[in-house]
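# Analysis of the macromolecular model
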Amino acid sequence: MAFSPFKFLQEVRSETAKVTWPTRRETTITTIMVFVMVALASVFFFASDQLIRILVTFLLGIH
């Protein structure tokens, strides 16, 4: 079976045409949601880290 670059490119173009690309509005909203979730996750992990630090310091009697 021979490889045909021309046929391959035709198939790639055909498959790319089937893709539903997001609108600018959808992309903007999704990007904002990602930034909000990153901020919430960072606050959560910072608070968890501080709580664990306090507990470990208390349990080990370190001042």
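Above this text is the structure in question.
All residue numbers here refer to positions counted from 1 along the written sequence of the relevant chain. At least 70 in pLDDT is required for a residue's local features to be given in this predicted model, at least 80 for side-chain atom pairs to be given and counted, and no such filter applies to totals for whole chains, interfaces and linings, which use all residues. Hydrogens and waters are ignored; side-chain quantities use all the structure's heavy atoms.

## Concerning the overall build of the protein chain
Comment: elements are numbered from the N terminus, with helices defined as DSSP H or I runs of at least four residues and strands as E runs of at least two. Scanning the protein chain from terminus to terminus reveals two helices and zero strands. All radius of gyration figures rest on C-alpha atoms, and the globule criterion is 2.2 Å times the number of residues raised to 0.38. Computed over the C-alpha atoms, the radius of gyration of the protein chain is 25 Å, more than 25% above the 11 Å expected from 2.2 N^0.38 for a compact globule of 63 residues. Referenced to the eigenvectors of the C-alpha coordinate spread, the extents of the protein chain come out at roughly 75 × 35 × 10 Å. Here's how the labels work: a residue is buried when its accessible area is under 20% of the maximum for its type, exposed when over 50%, partly exposed in between, all with a 1.4 Å probe on protein chains only. Scored against the burial criterion, the 63 residues of the protein chain give a buried share of 0%.

## What to know about the packing of aromatic side chains
Put simply, two rings from Phe, Tyr or Trp (the six-membered ring, in Trp's case) pair if the centres are within 6.5 Å, and we call them stacked under 30 degrees between planes, edge-to-face over 60, tilted for the rest. Applying the stated criterion across every chain, the model contains two aromatic pairs. Seen from their ring centres, Phe3 and Phe8 are 6.0 Å apart, and the 45° between their planes marks the pair as tilted. A centroid spacing of 5.1 Å and a plane angle of 70° characterise the contact between Phe44 and Phe45, whose relative ring orientation is edge-to-face. Take Phe44 and Phe45: they sit in the same class, and that class is exposed.

## Side note on the environment of Ser42
Looking at the secondary structure, you find Ser42 in helix 2 (residues 24–60). Between the alpha carbons of Ser42 and Phe3 there is a distance of 49 Å; along the sequence they are 39 residues apart.

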